[in-house]
2 protein chains.
Amino acid sequence: MEVRRDVFQAIADPTRRQIIAMVARQPLHVNAIAESFNVSRQAVSLHVKILTECGLVVIKKQGRERYCEARLEQLEEVTTWVDHCRQFWATQFKALDNYLQQVQTDKKTKR
Amino acid sequence: MEVRRDVFQAIADPTRRQIIAMVARQPLHVNAIAESFNVSRQAVSLHVKILTECGLVVIKKQGRERYCEARLEQLEEVTTWVDHCRQFWATQFKALDNYLQQVQTDKKTKR
DNA sequence: TATATTTGCAAGCAAATGCTTGCGTATTTA
DNA sequence: TAAATACGCAAGCATTTGCTTGCAAATATA
């Protein structure tokens, strides 16, 4: 059974984020990606491997080259989590609003 | 000058994501957070510190307790990046669409 | 078929990460 | 004032991460 990589962890690395942004524009093979970075080809290759392991990138073999294509559906997990948190957050402030309004009403009633 | 922590790195850890989700619902002090986890108070304290360093959480002192409040504006950086990538991605497919449509048109013209 | 190119895999290593334990400090409570 | 509570800091340690170098496999080219 394959251990599913964590998408959040995958995008934590700035180099990997750059790679994702690059292949989102257009599919690229590993060497083409590596040319844009100062690290070795193997380092890039490893980053790509991590990205494929969490489904953010898929490899299409074409002869001896391997093209990396972005699969950004996986980023859904990230936006979903962010939205989730934001929703709670908004609710929290709404509750505060309600409370303040209540205080205001009480004041009026008292007066 | 303070070294700004990376938001992406901050949310890479599942424990920290949980902490963010918790304090997004309501402010909590460190011990209250720690009770929900199996790790030590100090471990949680360290996670909170990391979260404050990247601005996702602010500490409000109240007596001897320190309340952690969420500051989710910082998550903007994450959603912005995701949207950015998605936009390129969509453009890529649009380009493919245009190409296919062109091929189709050419066929018709030829015929 | 011999050589060049693209790539993955494995070993090794320094730095970062996440955790624990022990101790000190500030604040509250008895 | 003395004890309890909430918390940060620092040291120590195992694991993970990110990188490099060396080598082997697959495919293309001469």
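Residues numbered from 1 in each chain as written. Chains lettered and ligands numbered in written order. Predicted model: local features only at pLDDT ≥ 70, side-chain atom pairs only at ≥ 80, totals over all residues. Heavy atoms only, no water.

**Q** Which parts of the structure should I look at to understand the pairing of strand 3 (residues 65–70) of chain B?
**A** Residue and element names in this part refer to chain B. In this sheet, strand 3 lies alongside strand 1 (residues 28–29) in antiparallel orientation, the contact comprising two bridges. Across the sheet, residue histidine 29 finds its bridge partner in strand 3, namely tyrosine 67. Relative to strand 3, strand 2 (residues 57–62) is paired through six bridges, and the arrangement is antiparallel. Note on strand 3: the bridge partner recorded for lysine 61 is arginine 66. (Pairing = 2+ DSSP bridges. Helix = DSSP H or I, 4+ residues; strand = E, 2+ residues; numbered from the N terminus.)

**Q** Help me understand the interface of chain A and chain B in this model?
**A** Quoted interface sizes are often the accessible area lost when the parts come together. Contacts between chain A and chain B engage 28 residues on the former and 28 residues on the latter. Taken together, the links from chain A to chain B amount to four salt bridges. In this assembly, chain A and chain B are joined by four residue pairs in polar contact (both at pLDDT 80 or more). Only helix 1 (7–10), helix 2 (14–25) and helix 5 (76–110) of chain A provide two or more residues apiece to the side of chain A that touches chain B. Per-element tally for the side of chain A that touches chain B: the top contributor is helix 5 of chain A, with 10 residues. When its residues are assigned to classes, the side of chain A that touches chain B shows 17 nonpolar, four polar and seven charged. (Contact = heavy atoms within 4.5 Å. Salt bridge = Lys/Arg side-chain N within 4 Å of Asp/Glu carboxyl O. Polar contact = N/O pair within 3.5 Å; in protein donor to acceptor, adjacent residues only side chain to side chain. Nonpolar A, V, L, I, M, F, W, Y, C, P; charged D, E, K, R; others polar.)

**Q** What should I look at first to understand the protein's contact with DNA strand C in this one?
**A** The environment of DNA strand C is made up of 20 residues, and the closest members are A:Arg41, A:Ser45, B:Gln9, B:Ser40 and B:His47. In DNA strand C, atoms within 4 Å of the protein come 68% from sugar and phosphate. Here a phosphate oxygen of DNA strand C sits 2.7 Å away from a polar atom, N or O, in the side chain of B:Gln9. With respect to DNA strand C, the side chain of B:Arg16 contributes an N or O atom lying 3.2 Å from a phosphate oxygen. Of all the elements in the fold, those that place two or more residues in the surface near DNA strand C are helix 3 (30–35), helix 4 (41–53) and strand 3 (65–70) of chain A together with helix 4 (41–53) of chain B. Sorting elements by how many residues they give to the surface near DNA strand C places helix 4 of chain A first, with four residues. Along the lines of polarity and charge, the residues of the surface near DNA strand C split into three nonpolar, nine polar and eight charged. (Near = heavy atom within 4 Å.)

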